[in-house]
Amino acid sequence: MGSLTYDRVVVEIDDRTLEHLQLVIAQKLRRSESFLLSWQDSAAVGSGRSSIWMNPAIPLYFKYAGGHAAKLNRQWIEDLSCSANSAQGLVIVSEAGSLPATTPTSRPKTTIEARATARTDTVLV
């Protein structure tokens, strides 16, 4: 289980999903575009839904648990990119829901764990 850290929020996401999200998020932020990132919360953090406003000015950190890069699913990346460019923003959906015949409203959402942490300044050496 990897994680995405944004400001004081740590979102735990499986490595495969995180790798696909990193490509889509980096593409948006590289163009200096802000957007909404939303996901379905797991029962461990109270269920429900969560969203964060992604802005290029705020540092973002991707941490992977595994050491190997996954083979990427081009269709899933395209679906996530289309979502990121919509008024609704980037909604994390499962890879299984990323089929050409499905509509964004019928795709299953991926359940994610997120927690707020105390902000600490880290110095990289």
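Up top is the structure these notes are about.
Computed from a predicted structure; not experimentally measured.

*Asks:* Help me understand the overall build of the protein chain, please; the structure alone is not making it clear to me.
*Replies:* In terms of regular secondary structure, the protein chain is built from 2 helices and 7 strands. In the protein chain, the succession of helices and strands from N to C terminus is β-β-α-β-β-β-α-β-β. For the protein chain, the exposed surface amounts to about 7500 Å²; the carbon and sulfur share of it is 54%.

*Asks:* Looking at this structure, I do not really get the side chain of Ser3. What am I missing?
*Replies:* Note on placement: Ser3 falls in strand S1 (residues 2-6). Taking relative accessible area as the criterion, Ser3 reaches 12% and is therefore assigned buried. In contact with Ser3, not counting residues within four places along its chain, are Val10, Val11, Glu12, Ile13, Leu18, Tyr61, Phe62 and Lys63.

*Asks:* For this particular structure, what's the right way to read the packing of helix H1 (residues 15-30) against helix H2 (residues 74-84)?
*Replies:* Two measures define how a pair of helices packs: the angle their axes make with one another and the distance between the axes. Relative to each other, H1 and H2 sit at 45°, their axes nearing to 10 Å. Taken together, the axes of H1 and H2 are oblique relative to one another. The chirality of how H1 crosses H2 is right-handed. From H1, Arg16, Thr17, His20, Leu21, Leu23, Val24, Gln27 and Lys28 reach across to H2, where they touch Trp76, Ile77, Leu80, Ser81 and Ala84.

*Asks:* Can you help me understand the nonpolar core in this one?
*Replies:* By size, the foremost hydrophobic cluster in this structure holds 23 residues, and its most contacted members are Leu4, Ile25, Leu37 and Leu90. Looking at this core, the elements with two or more residues in it are S1, strand S2 (9-13), H1, strand S3 (35-41), strand S4 (49-54), H2 and strand S6 (90-91). Per-element tally for this core: the top contributor is H1, with 5 residues. The contact partners of Leu4, leaving out residues within four places of it in the chain, are Val9, Val10, Val11, Ile13, Leu18, Ile25, Leu60, Tyr61 and Phe62.

*Asks:* Please explain the pairing of S2 as it appears in this structure.
*Replies:* Two faces make up the sheet, and in a regular strand the side chains alternate between them. Bridge analysis of S1 against S2 gives 5 bridges, and the strand direction is antiparallel. Residue Gly2 lies in a different strand from S2, and its bridge partner there is Ile13. Hairpin remark: S1 followed by S2, antiparallel, with 2 residues in the connecting loop; positive phi at Asp7, about 55°.

*Asks:* Can you help me understand H2 in this one?
*Replies:* Along an α-helix, residues three or four positions apart point the same way, because every turn accommodates 3.6 residues. Within the span of H2, buried status applies to Trp76, Ile77, Asp79, Leu80, Ser81, Ser83 and Ala84. Residues of H2 that are buried sit in contact with H1, S3 and S6.

*Asks:* Got a minute to help me understand H1 in this structure?
*Replies:* A rise of 1.5 Å per residue sets the reference length of H1, with its 16 residues, at 22 Å; its end C-alpha atoms lie 22 Å apart and thus fit the reference within 8%. Those residues of H1 that sit buried are Asp15, Thr17, Leu18, Glu19, His20, Leu21, Val24, Ile25, Lys28 and Leu29. Positive phi shows up at Ser32, right after H1, with a value of about 60°.

*Asks:* Sorry if this is basic, but what is going on with unusual backbone geometry here?
*Replies:* In most cases, non-glycine residues show a negative phi, while peptide bonds are predominantly trans. In this structure, Asp7 is a non-glycine residue whose phi angle is positive, near 55°. Positionally, Asp7 belongs in the loop between S1 and S2. Classification of Asp7 by relative accessible area gives partly exposed; the value is 34%. Within the chain, Ser32 stands out as a residue other than glycine whose phi angle is a positive 60°. The exposure class of Ser32 is exposed, given its relative accessible area of 57%.

Thresholds, definitions, all that
Residues numbered from 1 in each chain as written. Predicted model: local features only at pLDDT ≥ 70, side-chain atom pairs only at ≥ 80, totals over all residues. Heavy atoms only, no water. Helix = DSSP H or I, 4+ residues; strand = E, 2+ residues; numbered from the N terminus. Areas by Shrake-Rupley, 256 points an atom, 1.4 Å probe, with all protein chains shown as cover. Buried < 20%, exposed > 50% of the residue type's maximum accessible area, 1.4 Å probe, protein only. Contact = heavy atoms within 4.5 Å. Axes fitted to C-alpha atoms, helices over the stretch in contact; angles between N-to-C directions. Parallel < 35°, antiparallel > 145°, perpendicular 65-115°, else oblique. Left-handed = near helix turned anticlockwise from the far one by under 90°. Core = buried A, V, L, I, M, F, W, Y, C linked by side-chain atoms within 4.5 Å. Pairing = 2+ DSSP bridges. Expected span 1.5 Å × (residues − 1).

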